[in-house]
Amino acid sequence: MDDKEKIDDINKLIDSELINFTRELDNVKSLSELESIKTKYTGKKSFLTVTLRNIGSLPGQLRPIIGNKSNAARKKIEADILKKEQILKGVEYEKKLREENIDLSLPGRGIKAGKKNIISSVIEEIEEIFIGMGFEIAEGPEVETDYYNFEALNTPADHPARSLHDTFFVSDRVLLRTHTSPVQIRYMEKNKPPIFIIVPGKVYRRDYDVTHTPMFTQIEGLVVDKGINFGNLKWTIETFAYEIFGKKRKVRFRPHYFPFTEPSAEVDVSCNICGGKGCRSCSGSGWLEILGAGMVDPNLYKFVGYDPEEVSGFAFGMGIERICMLKYGIDDLRLFFENDLRFIDQF
Amino acid sequence: MKVTLNWIKEFLDNYNQNTISPGDIANMLTMSGTEVKKIENTGSKYENIIIGKIVDFTKHPSADKLSLCKVDTGTRIASIVCGAKNFKKGDIVVTALPGAVVNGMTIKENKIRGQISEGMMCSEMELGLSSDSEGIMILDNSFRVGESFSKLAGLDDVVFELEVTPNRPDCLGVIGIAREISALTGIEFKIPEYDLDKRLNIDSNFIIEIEDYNLCPRYTAKIFENITNIQTPLWMRNRLLMCDIRSISLIVDLTNYIMLETGQPLHAFDKDLLHSNKIVVRRAKEGEKIKLIDDSMRILDNDILVIADEKKAVAIAGIMGGKDTEINPDTKNILLEAANFNGPSIMRTSKKIGLRSEASNRFEKKIDPLLTLYAVGRFEDVLNKITGYGIKGCIYDNYKKTERKRNIVLRTDRVVQILGKDIDKNTISRIFTGLKIENRIRDKEIDTIVPSWRYEDLEREIDLIEEIARIYGYDKFDSIPTTVTGRRGKYTGYQKVVREIRQSLCDTGLSEVINYSFYSNDTIKKFKLDLEKEYSDNVEIINPINENFRYLRTTLLPSLLKNVRENINHNIKDIGIFEISKIFKKRSDEDNDILPLEINKIGIILTGKRVQKSWNEEERDTDFYDLKGILEFIYDKYYSNSILKIEESDYKFFHPRINGSIRINGKKMGIIGKIHPLLVMEAEINQDVYYMELNLDDFVNNIRKGKKYKPITSFPAIDIDLAIVVDEEIKNDDIVNEIKKCGSSLLKNVRLFDIYRGPQIEKNKKSMAYSLNFREDSRTLKDIEVEIIVKRILENLGKKFNAKIRE
Ligand SMILES: [Zn+2]
């Protein structure tokens, strides 16, 4: 055999080794299969390793040729194996991740949210509406003097309107406030116009039946400044009513009587159940009363040292429980103070 | 108050129901301040009920108790089976024809025991006119056969239920309402006029003595002799009925009728039962007794005004008449009273004796004294029309005249200032004229004179402006935005924090409750609040609804415990709730303030499972540290570089050992503990309950303002873990304080991470493991520095607490 033949023989063997390798590599599906192929083609007993190990027995002039060819083949095999290994590793990693299977529908580890009382929520909602219109929040004592609760609000001892307020007394002159209106006087005593306040708070009346609780919640509003008029009152109340009940509701002002406002009004919104046609909820009128309002009676300014010719203003007051009932369709006033969590946690 | 449309129409000229419907009237009244609560068409209840005449009847062939009647219904003769016995041939009866609804049942033609019945003859009860079910209703011959019953009986009417505001006593009668409608519609108002002046006090056979004209400005009376005692006409009975007044006798019905019509309460005495020809209006004697018409016995005092004869009180003025002199079936002669009493005085008496009547309701709103005479004239007129009594005799009138005309000047500028709309002078004048307010336009002013019946309520210019707005129509005023220049709406700092805390507490899983501010003396005793200085000094309500509303709360605890019990009753056992409310405490006399102390408090109560058993969690009962954790949660949010300390305390409502006061930076701000097991048991609760109460005012007002940024250091920290064994009694706080004391400024944080009790250490001892975090902000710490500090800490802990390092 001459050298050329010998080289051709070995080259053929190397080429077929490569073809075999490529075919077998294509069929490899796992890293363990790859490992055995790696051993077969690059291990101690592999054709290429043996060829290279025995290269010394070849004639000197053939050595570099065979050596280069073998090394190139081996490098290609190693590179292909590495490539394949990376692919297989990715697949296997993915497979391993896929085995980390959890039931996404199982409930999460509990963080229970408590609920704000519906009265607090609605108060805060109303506060935000009025803050947006430039109001501040004022507060005052729940135990009041006769002076602030009645007298300074144009309701002297013998006034017929007093019979509407059945009052809890602490002494002759001290009582539980029957409305949030005393804060009007207290605030005006301490501040000068412009006054734009609302006053949320508890009030008390000596009345306890299906439609009355001895304590309930009111929000009072007071605006006093130069040039405040009945049109401003209408705008403010309408803006509030649309915000809280929705733009689709109609709002109407009916004349009424309160001792400390003049002219006075009761304000209704159209019934959402019948759309104003009249139903049981609105006792057939199509309207639901939401609040009382009016222009501040000029007499009040005399109690706090304002000049009634100089300034004018309006006031309004509403029962929060009533607003809640209308807004959420609650039909029993007593629910508000029974503190049944089946009620509280609904809101 | 109820009024009927037909009644109102008597005082309106040419009212045409076709141009202005009852619904329009209701709407106009509502939109002018007299709210119509309800409209009821009474006529519709009596459809197909007509006047019939029994032309013949025979016994029912197969039922002894029934009769077969032939009834003329105007168009034909109907056969009707009837069970009543009280009729005879020729009687006029009320006949319900098929289609009529009687007692909620629709009448149909049917067979009764084999005999055809084409309708039903009705009793008063069946017609809803009275409780009389004895026999069918027999009418007199004036009722025309075949006509609609409701029309002839005055039932074809519309009833308005009104809410008259307390400033409008003039509207407490049909005439007043008619006057309003006239002002609103322009329909002419007319009332019968009586010329009574020339019959005033023309003899002195009867004397009226008034002790105090302030209490009784006017007393008008008339004697009617030999009254014909006939039944009240059906139309009048029905009209009273529609206004919710029961018919009693002609005279009593007439007094009620005239009151409903004019607004002037009337009272009739049996003149022969009075002991004198003299009436005295005087204050009652202390302890004087009177039996009233409602059969109640009243003991009077000096503040109560009575009507008396020479012997005794015969009525409580303005409220109710006496039993002894009331109209009875034998009454022949009556004394009619139409008086005017002082409103506030009537109101006080009515409150004091707990009795309100149609009369007192009107008097307390200050009715027009000019009304008395008119009411007497009207009574006489109606009586005469019914019985032919005649228009005659003296009217006794004791009246201390006062001015009842008032001049008010209205400035048109002021109208614009208040109402925001420039209303034309002539429009204003027309409104006034409609309201019978005399007026004269002068340049920029209108001079007015208000009528007597509006004297009390129209006093000032502003009152006239209200009248303009009311009649002009509130809906005709534009909405005008208020300007916002120079002001900004906002919460105060305090308000903001309170609202944040409320939200934070909800975020920890608590729900918010709101309780009444009251509790009972029993509760005070049960919780031993009277023995705690902090929780005594309850404010007492002198007129509570019942004993549960006797005192104002000094703590929210009892209410919250009650909430727990009630929710457990509803099978909700794992509860975390809070309340933010005021508590009230009487002030000491030196405070010189008649109002009590009001403090905002947060009460938090926890009970039941804090962690529910779940697929991935073990259940756990609430303990003290859950509650303390909530405290720390809100504390951390607002207090940095501060000291929170729970100090052992001895509140009687708490467990003797799980019983603490909350101090922040040394200031006492609340209490925290486990509710005493006996109290919990007494409330029928079978689980531990933990309670905390925080003084919200103190908590918020002591938050330090002005936080400042500290640069973040990049030098590494050294963490050292330290486990020591100490006696069981040694408190964590004391150990931590000692560690901090020795730790120098390099010790930044101490965290307890384990407590161990068990076989590896001695009995009655515990191992406490702390993680200490050291850092120097300006350089890298050396290990040796920290080792020295830790050594010092251990030495000191050893000396102070006999602590040994755990190997
Ligand atoms: Zn409705």
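Every chain begins its residue count from 1, and numbering advances along the sequence as written. In the order they appear in the text, chains get letters beginning with A and ligands get numbers beginning with 1. Local features in a predicted model are, by the rule used here, given only for residues with pLDDT of at least 70; side-chain atom pairs are given and counted only at 80 or more, and totals for whole chains, interfaces and linings are based on all residues. Each side-chain value is derived from all of the structure's non-hydrogen atoms; neither hydrogens nor water enter the calculation.

**Q** Provide a residue-level description of the overall build of chain A, including the pertinent values.
**A** For helices the rule is a DSSP run of H or I covering at least 4 residues; for strands it is a run of E covering at least 2, with both sets numbered from the N terminus onward. When you go through chain A residue by residue, the secondary structure sums to twelve helices and nine strands. We take the radius of gyration over the C-alpha atoms and set the globule estimate at 2.2 Å times the residue count to the 0.38 power. Relative to its length of 347 residues, chain A is extended, with a C-alpha radius of gyration of 45 Å against a globular reference of 20 Å. Principal-axis analysis of the C-alpha atoms gives chain A an extent of 140 × 45 × 45 Å. Relative accessible area decides the class of each residue, using a 1.4 Å probe on protein chains only: under 20% of the type maximum gives buried, over 50% gives exposed, and in between gives partly exposed. Out of the 347 residues in chain A, the part that is buried amounts to 54%. Here, residues are in contact when the closest pair of their heavy atoms is within 4.5 Å. Residue pairs in contact within chain A that sit at least 24 positions apart in sequence constitute 65% of those at least 6 positions apart. In the structure as shown, chain A presents an accessible area of about 16,400 Å², 52% of it carried by carbon and sulfur atoms. Computing the positive centroid from 49 side-chain charges and the negative centroid from 53, chain A places the two 10 Å apart. Every accessible area reported is derived by Shrake-Rupley at a probe size of 1.4 Å, with residue values counting cover from the shown protein chains alone. His is not counted, nor are the chain ends; Lys and Arg add positive charge and Asp and Glu add negative charge. To locate a charge, take atom NZ for lysine, CZ for arginine, CG for aspartate or CD for glutamate.

**Q** I'd like a description of the nonpolar core, backed by residues and values.
**A** Core analysis: the biggest nonpolar cluster contains 121 residues, and Phe336 of chain A together with Phe653 and Ile675 of chain B have the highest contact counts within it. Ignoring any residue separated from it by four or fewer positions in sequence, one finds isoleucine 675 of chain B in contact with Leu557, Leu561, Ile605, Phe653, Phe654, His655, Val680, Val689 and Tyr691 of chain B. Residues grouped as a nonpolar core are buried Ala, Val, Leu, Ile, Met, Phe, Trp, Tyr and Cys residues, joined through side-chain atoms within 4.5 Å.

**Q** So what's going on with the pattern of salt bridges? Which residues, and what values?
**A** By definition, a salt bridge exists where a carboxyl oxygen of Asp or Glu is found within 4 Å of a side-chain nitrogen of Lys or Arg. Scanning all chains against the criterion turns up 90 salt bridges over all chains. Here glutamate 540 of chain B makes a salt bridge to arginine 550 of chain B, at a shortest N to O gap of 3.4 Å. Separated by ten residues along the polypeptide, glutamate 540 of chain B in the loop between helix 14 (521–526) and strand 30 (551–552) and arginine 550 of chain B in the loop between helix 14 and strand 30 bring together distant segments of the chain. Here the salt bridges share partners, and the residues they tie into one network are Arg252, Arg254, Glu266, Asp268 and Glu289 of chain A together with Glu35, Lys37 and Glu163 of chain B.

**Q** Got a sec to walk through the packing of aromatic side chains? Specific residues and values, please.
**A** Here a Phe, Tyr or Trp ring, Trp counted by its six-membered ring, pairs with any other such ring whose centre lies within 6.5 Å, and the pair is stacked when the planes are under 30 degrees apart, edge-to-face when over 60, and tilted otherwise. Applying the stated rule across the entire model yields 40 aromatic pairs over all chains. The interplanar angle of 85° and the centroid separation of 5.8 Å between the aromatic rings of phenylalanine 336 of chain A and phenylalanine 343 of chain A together place this pair among those described as edge-to-face. A ring pair is formed by phenylalanine 518 of chain B and phenylalanine 549 of chain B, whose centres lie 5.3 Å apart and whose planes are at 65°; its orientation type is edge-to-face. Remark: phenylalanine 549 of chain B occurs in the loop between helix 14 and strand 30 and phenylalanine 518 of chain B occurs in strand 29 (residues 518–519); sequence separation between them is 31 residues.

**Q** Lay out empty space enclosed by the protein with the relevant residues and their values.
**A** Only protein atoms enter the 1 Å grid used here. Points where a 1.4 Å probe fits but cannot escape make up a cavity, open sets with protein on both sides within 12 Å along at least five of seven lines make up a pocket, and a residue lines them when an atom lies within 4 Å of a point. Grid points are joined across faces, edges and corners, and a volume is the space filled by probe spheres set on the points. For the structure shown, the criterion picks out four cavities of 30 Å³ or more. By volume, the largest cavity is sized at about 110 Å³. Around the largest cavity, the lining is made up of 13 residues, and of these His256 of chain A together with Gly33, Thr165, Asn167 and Arg470 of chain B lie nearest the centre. Only strand 6 (251–258) of chain A together with helix 12 (461–472) of chain B provide two or more residues apiece to the lining of the largest cavity. Classifying every residue of the lining of the largest cavity gives three nonpolar, six polar and four charged. Each residue gets one label: Ala, Val, Leu, Ile, Met, Phe, Trp, Tyr, Cys and Pro are nonpolar, Asp, Glu, Lys and Arg are charged, and the others, such as Gly, are polar.

**Q** Can you lay out the packing of helix 10 (residues 412–419) of chain B against helix 12 of chain B for me, pointing to particular residues and giving the numbers?
**A** Residues and elements named next belong to chain B. Between N-to-C directions, angles cover 0 to 180 degrees, with each direction set by a line fitted to C-alpha atoms, over the stretch in contact for helices. For the pair helix 10 and helix 12, interaxial distance at closest approach is 10 Å and the crossing angle is 65°. With respect to helix 12, the axis of helix 10 lies roughly perpendicular. The element helix 10 and its partner helix 12 pack so that their crossing is right-handed. Here Arg414, Val415, Ile418 and Leu419 of helix 10 come into contact with helix 12, specifically with Glu461, Ile462, Ile465, Ile468 and Ala469. Any angle from 65 to 115 degrees is called roughly perpendicular, while one under 35 is roughly parallel, one over 145 is roughly antiparallel, and all others are oblique. Handedness of each helix crossing follows the sense of rotation of the near helix against the far helix: counterclockwise by less than a right angle gives left-handed, clockwise gives right-handed.

**Q** Outline the sheet that holds strand 13 (residues 158–163) of chain B, listing residues and values.
**A** All names here are of chain B. Strand pairing follows a simple DSSP-based rule, namely that at least 2 bridges must link the two strands. Taken together, the three strands give an open sheet; going across it, the order is 1-13-2, and neighbouring strands pair in antiparallel fashion. Each of the sheet's edge strands pairs with one partner strand only, and the pair in question is strand 1 (2–4) and strand 2 (35–41). Geometrically, the sheet is characterised by an average inter-axis angle of 25° between neighbouring strands, direction not taken into account. Sheet topology places strand 1 next to strand 13; three bridges connect them, and they run antiparallel. Pairing of threonine 4 across the sheet is with valine 159, part of strand 13.

**Q** Can you explain the sheet that holds strand 16 (residues 267–270) of chain B? Please cite residues and give values.
**A** All names here are of chain B. The antiparallel open sheet is built from four strands, whose spatial order is 16-23-15-24. Each end of this open sheet is capped by a strand with a single partner; those strands are strand 16 and strand 24 (395–399). Averaged over all neighbouring strand pairs, the angle between strand axes comes to 20°, with direction disregarded. Bridge analysis of strand 15 (residues 218–224) against strand 23 (residues 334–340) gives seven bridges, and the strand direction is antiparallel. Of the residues in strand 23, the one forming a bridge with threonine 220 is alanine 338.

**Q** Residues and numbers for the domain arrangement of chain B, please.
**A** All the domain ranges listed were derived from an automatic or database domain assignment. Per the domain assignment, the segments of chain B are domain 1 (2–34 + 164–185), domain 2 (44–152), domain 3 (197–399), domain 4 (406–471), domain 5 (493–701) and domain 6 (718–805). Between domain 2 of chain B and domain 6 of chain B, the C-alpha centre-to-centre distance is 104 Å.

**Q** Requested: an account of the packing of helix 2 (residues 22–30) of chain B against helix 4 (residues 174–185) of chain B, with residues and values cited.
**A** All names here are of chain B. Following both chains from N to C, one finds helix 2 and helix 4 inclined at 90°, their axes separated by 10 Å at the closest point. Compared by their axis directions, helix 2 and helix 4 come out roughly perpendicular. Within the contact between the two elements, helix 2 uses Ile25, Met28 and Leu29 and helix 4 uses Ile177, Glu180, Ile181, Leu184 and Thr185. Here the contact of helix 2 with helix 4 is composed, by residue class, of six nonpolar, one polar and one charged.

**Q** Let's hear about the interface of chain B and chain A: which residues, and what values?
**A** Residue-level contacts link 87 residues of chain B with 90 residues of chain A. What counts as buried area is the accessible surface, traced by a 1.4 Å probe, that two parts surrender upon association, with contributions from both included. The largest share of the area that chain B buries against chain A comes from Tyr474, Ile514 and Tyr516 of chain B, three residues that together contribute 10% of it. Our enumeration of links across chain B and chain A arrives at seven salt bridges. Under the rule applied, a polar contact is a pair of N or O atoms within 3.5 Å (in protein, one hydrogen donor and one hydrogen acceptor; residues adjacent in sequence only if both atoms are side-chain atoms). On the surface where chain B and chain A come into contact, there are 46 residue pairs in polar contact (both at pLDDT 80 or more). Of all elements in the fold, only helix 2, helix 7 (343–353), helix 10, helix 12, helix 13 (493–507), strand 28 (511–512), helix 15 (557–569) and strand 31 (575–585) of chain B reach the threshold of two or more residues within the side of chain B that touches chain A. The dominant element in the side of chain B that touches chain A, judged by the number of residues it contributes, is strand 31 of chain B, at seven residues. Its residues placed into classes, the side of chain B that touches chain A shows 36 nonpolar, 24 polar and 27 charged.

**Q** Give me the lowdown on the coordination of the zinc ion, citing residues and values where you can.
**A** Residues and elements named next belong to chain A. With water omitted from the atoms examined, metal sites may look incomplete; donors here are N, O and S atoms no farther than 2.8 Å from the metal, or 3.2 Å in the case of Na, K and Ca. For the zinc ion, the full set of protein donor atoms is Cys271 (SG), Cys274 (SG), Cys279 (SG) and Cys282 (SG), at a range of 2.2 to 2.3 Å. Note that the zinc ion binds four donor atoms; their angles at the metal cover 104 to 113°, and the shape is tetrahedral. Counting the intervening residues between successive donors of the zinc ion yields the motif C-x2-C-x4-C-x2-C. With relative accessibility at 2%, the residue cysteine 282 sits in the buried group. Square planar and octahedral sites, with four and six donors, are those where opposite donors lie more than 155 degrees apart and all other angles lie between 65 and 115, tetrahedral sites have four donors with every angle between 85 and 135 degrees, and the rest are irregular.

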